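Listed below are the residues making up each chain.
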Amino acid sequence: MDNFLDTCIIIAKYDKKDKFHKNSKEFAENNNNLIICVYQEKKEIPFLFYRKEKILTESIKSSVMPNYMPDLKDLKIKDQIILKKNINRLKLNDLSQQELFVYKKDLILLKQEINYFIKNKISKRVIPLDKIDLLLVKNIFNEIKNEADSNIFCSAIQEHQENELKVITNDAKDCKNEVFVEAIKSTKYKEVPEIKYLF
């Protein structure tokens, strides 16, 4: 059986500050048949790092140009809140430009480690972007209101119809059996994958 890794597992494996780091690292290193979906590799993970890097870049610009108006394009509401907090902390001398450069260096390293892991340790990427079932995505989104997770869980359900898999996650908020079951009602899909939480 394949182990379909939710993105939070991949991030936690390398982020030592993540509360699920130990369990995620142990699982990824001690199990085979690790798979992800194409959406994660091509869309979600690159965009995640793009946003995180942009938050730091805009914070640094604000630290050297007092009247600088941050570029908020492509940043989600929660990203904008982090950016504004950074700017306020800089003004209060509670955050230094040097710390921001360290954070950015750490982020680049994290991105490199995750890209290496995906390239060398993931055995399969499933469901091409143009094969994602948009109706199923919509059904999942109606339940959880999270676009990225909706595409990822949709891909997992689609792949499970042909190849049995288990979803590995730390996300008990959105990744739930009842969400999957509700989403496949009135669709062609008959089964949902088992979910394993690493906590």
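What counts, and at which threshold
Residues numbered from 1 in each chain as written. Predicted model: local features only at pLDDT ≥ 70, side-chain atom pairs only at ≥ 80, totals over all residues. Heavy atoms only, no water. Axes fitted to C-alpha atoms, helices over the stretch in contact; angles between N-to-C directions. Helix = DSSP H or I, 4+ residues; strand = E, 2+ residues; numbered from the N terminus. Parallel < 35°, antiparallel > 145°, perpendicular 65-115°, else oblique. Left-handed = near helix turned anticlockwise from the far one by under 90°. Contact = heavy atoms within 4.5 Å. Nonpolar A, V, L, I, M, F, W, Y, C, P; charged D, E, K, R; others polar. Phe/Tyr/Trp six-rings, centres within 6.5 Å; stacked < 30°, edge-to-face > 60°. Buried < 20%, exposed > 50% of the residue type's maximum accessible area, 1.4 Å probe, protein only. Pairing = 2+ DSSP bridges. Core = buried A, V, L, I, M, F, W, Y, C linked by side-chain atoms within 4.5 Å. Expected span 1.5 Å × (residues − 1). Arc of directions from axis to C-beta.

Asker: How would you sum up the packing of helix α6 (residues 134-144) against helix α7 (residues 147-162)? Please name residues and give values.
Answerer: For the pair α6 and α7, interaxial distance at closest approach is 8 Å and the crossing angle is 130 degrees. By the angle between their axes, α6 is oblique relative to α7. Helix-helix and strand crossings are classified by hand; for α6 and α7 the assignment is right-handed. Between α6 and α7, the contacting residues are Leu136, Val137, Ile140, Phe141 and Ile144 on the first element and Glu147, Asp149, Ser150, Asn151, Phe153, Cys154, Ile157 and Gln158 on the second. For the contact of α6 with α7, the residue count by class is eight nonpolar, three polar and two charged.

Asker: Can you tell me about the packing of aromatic side chains, naming the residues and giving the values?
Answerer: Summed over the entire model, instances satisfying the criterion amount to five aromatic pairs. Each ring, one from Tyr14 and one from Phe117, has its centre 6.0 Å from the other, and the planes form 70 degrees; the classification is edge-to-face. Pair noted here: Tyr14 is in helix α1 (residues 7-14) and Phe117 is in helix α5 (residues 97-121), with a separation of 103 residues, a long-range link. On the basis of relative accessibility, which here comes to 19%, the residue Tyr14 falls in the buried class. On the accessibility criterion, Phe117 (2% relative accessible area) is buried.

Asker: Tell me about the sheet that holds strand β1 (residues 2-5), and name the residues and values.
Answerer: The strands that make up a sheet pair up through hydrogen bonds in the backbone, lying either parallel or antiparallel. The strand order across the open sheet formed by five strands is β3-β2-β1-β4-β5, and the pairing between neighbours is parallel. What marks the edges here is a single partner per strand, and that holds for β3 (124-126) and β5 (194-197). Looking at each pair of strands side by side, their axes are set apart by 35 degrees on average, direction ignored. Here strand β4 (residues 165-169) runs beside β5; their pairing, made up of four bridges, is parallel. Of the residues in β5, the one forming a bridge with Ile168 is Lys196.

Asker: Describe in detail the pairing of β1, supporting the description with residues and values.
Answerer: Side-chain alternation along β1 places Asp2 and Phe4 on one buried face and Asn3 and Leu5 on a second face that is also buried. Both β1 and β4 contribute to a ladder of four bridges, which runs parallel. Paired with Leu5 across the two strands is Ile168, which belongs to β4.

Asker: Quick rundown of the nonpolar core? Include the residues and the values.
Answerer: One finds Phe4, Leu136, Ile140, Phe153, Ile157, Val167 and Phe180 to be the most contacted residues of the largest nonpolar core, which totals 27 residues. At six residues, α7 tops the list of elements feeding residues into this core. Leu5, Ile60, Ile118 and Ile168 belong to the second-largest nonpolar core, a separate cluster that totals 25 residues.

Asker: Residue-level account of helix α4 (residues 77-91), with values.
Answerer: Look at α4: 21 Å from first C-alpha to last across 15 residues, which is about the 21 Å you get at 1.5 Å a residue. Within the sequence span of α4, burial applies to Asp79, Gln80, Leu83, Asn86, Ile87 and Leu90. Down the axis of α4, the smallest arc covering the buried residues is 120 degrees, so these residues share one side. Every exposed residue of α4 that faces more than 90 degrees away from the buried side is listed here: Ile77, Lys78 and Lys85. Of the surrounding elements, those touching the buried residues of α4 are α3 (38-64) and α5. Positive phi shows up at Asn93, right after α4, with a value of about 60 degrees.

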